[in-house]
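Results of the structural survey
One letter stands for each residue in the lines below.
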Amino acid sequence: MQVGIIGLARSGKTTVFNAVTRGQAATGAYSASTEPNIGVVKVPDERLDRLSALFKPKKHTPADIHYVDFPGAGTAFGKGSTGPGSRFLADLGRCDALIHAVHAFDDPAVPHPEETVDPKRDIAAMELELAFADLALIEKRVERIQSEMKSIKASERGEAERELTLLRRMQAGIESEVPLRTQPFTDDERKLLSAYQFLTLKPLLVVLNVGDDAAGRTREMEAEIRGEGMPLNTEVAALAGKLEEELARLPEEEADQFRRELGLADEESSLARMILLSYALVGLISFFTAGEDECRAWTVRDGALAPEAAGKIHSDLERGFIRAEVVRWDDLLEAGSIAEARKRAKLRVEGKLYRVQDGDVMNILFNV
Ligand SMILES: Nc1nc2c(ncn2[C@@H]2O[C@H](COP(=O)(O)OP(=O)(O)OP(=O)(O)O)[C@@H](O)[C@H]2O)c(=O)[nH]1
Ligand SMILES: [Mg+2]
């Protein structure tokens, strides 16, 4: 899974990125880089650990989340935000979810580009920016279909018409301020849409980057924003970015000690919290592949069918998908081996329409 971090210039994107990934990317005046920072965080999963204990594989590979921190410098949009107006539009499109880092700290050394600190304004502005990018994408696609309409076969015309109708419905929705995240789609429509990279379709986590002095009041600040009504499939998390960045650089014990001294001992680490929130927000589940070579966790969206899951492993497996052998992770542990699971009729053979369940261990049979 890939999560993109966007926001106004100097809102603390890189600071939040460092806090979450234990990264060392340069921030502030030193962040002259014009390329995104990329950090990988391993997702802890006890089920995978237990599968590895059984198979003793050569390789143990947890799922990971890639965080991409887009630079503020060198972007085309407005006052240098890394929103969709930037040259990173295509990169943003490839993200599974977005984190919007919002400047919610007051520091004269780091003035807000709009001069005042106003998270609600910034949240609304970014939402608008994302909506505009989607409208532009819809328009382009509509024009394309219309120009192709004359030359396509009569048998394919129906499909093109259906797509046009869908795009127009989406457009009307966005124009009346309903982001794609909250518009209803059938499974078929979703499948069609997955070929495009609509930004308001992506789950969004708003991270309020608050000052150190507010570190103990993060829950209150989140509640205040939520009270205003957050759109569906969005979440808000407040984080004292700079403080968390510093804590993330310390050995765990020292960081815990610090947290106690600051009266923050009850708070989960920002790292754990962001992983959980990102996962829940995107609606992800994990499935496993297990054997003597490798035990590995994979992530796929909740609701994905077997071929889509297979495609996470390799595109050939999706293209040439024949069927999948599936066993629940705990059934496999209890049986002790695939062969024994098969004997106990715990191993199922599933086809293209199988909806993958969280905790499935899968073996994909394919032919390309
Ligand atoms: N006081 C305070 N300063 C912060 C906080 N978060 C970030 N900063 C400072 O604000 C400046 C900008 O932070 P960055 O993380 O580089 O912001 P950015 O959004 O990545 O900036 P660009 O990539 O240039 O757009 C740095 O000097 C940070 O140290 C915070 O919570 N409190
Ligand atoms: Mg930055």
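Residues numbered from 1 in each chain as written. Chains lettered and ligands numbered in written order. Predicted model: local features only at pLDDT ≥ 70, side-chain atom pairs only at ≥ 80, totals over all residues. Heavy atoms only, no water.

**Section: the sheet that holds strand 4 (residues 64–69)**
We apply this condition: Note on pairing: DSSP must find at least two bridges between two strands before they are called paired. Strands are runs of DSSP state E lasting at least 2 residues, helices are runs of H or I lasting at least 4, and numbering of each runs from the N terminus. A fitted line through C-alpha atoms represents every axis, and for helices the fit uses only the stretch in contact; the resulting angles, taken between N-to-C directions, go from 0 to 180 degrees. It only takes one pair of heavy atoms within 4.5 Å for two residues to be counted as in contact.
Here six strands make up an open sheet; going across it, the order is 2-4-1-5-6-7 and the pairing mixed. Looking along the sheet, the strands with just one partner apiece sit at the ends: strand 2 (37–42) and strand 7 (234–239). Between one strand axis and the next, the sheet turns by 25 degrees as a mean value, whatever way the strands run. In the sheet, strand 1 (residues 2–6) pairs with strand 5 (residues 97–104) via four bridges, with the strands oriented parallel. Note that in strand 5 the partner of Gly 4 across the bridge is Leu 98. Docked against the sheet, helix 1 (residues 13–21) engages strand 1, strand 2, strand 4, strand 5, strand 6 (204–210) and strand 7, running at close to 25 degrees with respect to strand 2.

**Re the site of ligand 1**
Rules: The criterion for a residue being near a molecule or strand is simple. One of its heavy atoms has to lie within 4 Å of it. Pairs of N or O atoms within 3.5 Å make up the polar contacts considered here, provided that, within protein, one atom can donate a hydrogen while the other can accept it, and that residues adjacent in sequence are counted only when both atoms are side-chain atoms. Working definition of accessibility: Shrake-Rupley area with a 1.4 Å probe, residue cover restricted to the visible protein chains.
Neighbouring ligand 1 are 19 residues; Arg 10, Lys 13, Thr 14, Thr 15 and Gly 28 lie closest to it. At 2.3 Å from an oxygen atom of ligand 1 is found a side-chain nitrogen or oxygen belonging to Arg 10. Here a nitrogen atom of ligand 1 sits 2.9 Å away from a polar atom, N or O, in the side chain of Asp 107. Protein contacts shield 91% of the accessible area of ligand 1, which totals 640 Å² for the unbound molecule. Broken down by secondary-structure element, the contributors of at least two residues to the shell around ligand 1 are helix 1, strand 6 and helix 8 (241–248).

**So, the packing of aromatic side chains**
Remark: the centre distance and the inter-plane angle together describe each pair of aromatic rings, the angle taken between the planes. To be explicit about the condition: Only the six-membered ring of Trp is used, alongside the rings of Phe and Tyr, when aromatic pairs are assigned; centres must lie within 6.5 Å, and planes under 30 degrees apart are stacked while those over 60 apart are edge-to-face, with the rest tilted. By definition, being over a ring means that NZ of Lys or CZ of Arg is both within 6 Å of the ring centre and within 35 degrees of the ring normal.
Scanning the entire structure with this criterion turns up one aromatic pair. Of note, Arg 296 hangs over the ring of Trp 298, and the distance from its end group to the ring centre comes to 4.0 Å.

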